[in-house]
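The lines below spell out each chain.
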Amino acid sequence: DVYGLDPELLAMLPQPVCALLLLFPCNKKYHDYAVSEVERLEKDGQHVDDSLFFMRQTIGNACGTIGLLHAISNNKDRVELDPGYLKNFIDHTASMTAEERGAYLEGDDTISAAHEESANEGQSELPSDRDSVNLHFVALVHHNGHLYELDGRKPFAINHGETTMDTFLEDGALVCKNFMSRDPSE
């Protein structure tokens, strides 16, 4: 858990950090910004590394799962996965497009059952996959010298610029602050 974005609070985290999951309110201001950002990037272009693992979210209320898959899949060199479902999923979908990965996950009963089981272990009342939830997870990852925002509801990854393993946490905190500044009342 990140308790704050001030340097002294970030320093409390074990280093190096190779991914962050950001949970934020999804409202009209965010939606309007996201649409304009996608339009700008479609017009202007951006560098996205071909080896970046990105998948579309086609399942309602699964953004946390998608965020974790993005974080782990883009850090296979830092996270040792034991043989099992997660390793098999990442290996099997490695050559797929973002859309194909989303469809594969949606059609996979194994992860759906595991997701449901772990979600039901918590103490909170769970929304159904059809409920309107105004919170959303995205992953921020360091991948091959760049900081990427991976949001499965967007058509592609967003490159936020160069970073290093030494500066990723600080650079990622700036991206988080930018999210927060778009709607300070939330």
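In case you missed it, the structure is sitting above this.
Below, the structure is looked at part by part. Owing to the predicted nature of the structure, the values given are computational and were not obtained by experimental measurement.

The helix and strand inventory of the protein stands at seven helices and four strands. The linear arrangement of helices and strands in the protein, starting from the amino end, is α-β-α-α-α-α-α-β-β-β-α. Here the protein holds 186 residues, and 38% of them are scored as buried. Within the protein, contacts between residues at least 6 apart in sequence are counted, and of these 67% link residues at least 24 apart. Approximately 11000 Å² of the protein is accessible, and the part contributed by carbon and sulfur atoms is 51%.

As enumerated under the stated definition, the model contains five aromatic pairs in all. Considering the side-chain rings of Phe24 and Phe179, the 4.9 Å spacing of their centres and the 55 degrees angle between planes classify their relative orientation as tilted. On the criterion of sequence distance, the pair formed by Phe24 in strand β1 (residues 19–25) and Phe179 in helix α7 (residues 168–181) is long-range, its members being 155 residues apart. Taking the relative accessible area as the measure of exposure, Phe179 reaches 9% and is therefore buried. Taking NZ or CZ as reference, Arg101 lies 4.1 Å from the ring centre of Phe53, over its face. If you follow Arg182 out to its NZ or CZ, it ends over the ring of Tyr33, 3.8 Å from the centre.

This brings us to the nonpolar core. With 18 residues, the main nonpolar core has Phe24, Leu140 and Phe179 as its most contacted residues. At the level of elements, β1, α2 (28–44), β2 (135–143) and α7 are the ones that each hand at least two residues to this core.

What counts, and at which threshold
- Residues numbered from 1 in each chain as written.
- Predicted model: local features only at pLDDT ≥ 70, side-chain atom pairs only at ≥ 80, totals over all residues.
- Heavy atoms only, no water.
- Helix = DSSP H or I, 4+ residues; strand = E, 2+ residues; numbered from the N terminus.
- Buried < 20%, exposed > 50% of the residue type's maximum accessible area, 1.4 Å probe, protein only.
- Contact = heavy atoms within 4.5 Å.
- Areas by Shrake-Rupley, 256 points an atom, 1.4 Å probe, with all protein chains shown as cover.
- Phe/Tyr/Trp six-rings, centres within 6.5 Å; stacked < 30°, edge-to-face > 60°.
- Lys NZ or Arg CZ within 6 Å of the ring centre and 35° of its normal.
- Core = buried A, V, L, I, M, F, W, Y, C linked by side-chain atoms within 4.5 Å.

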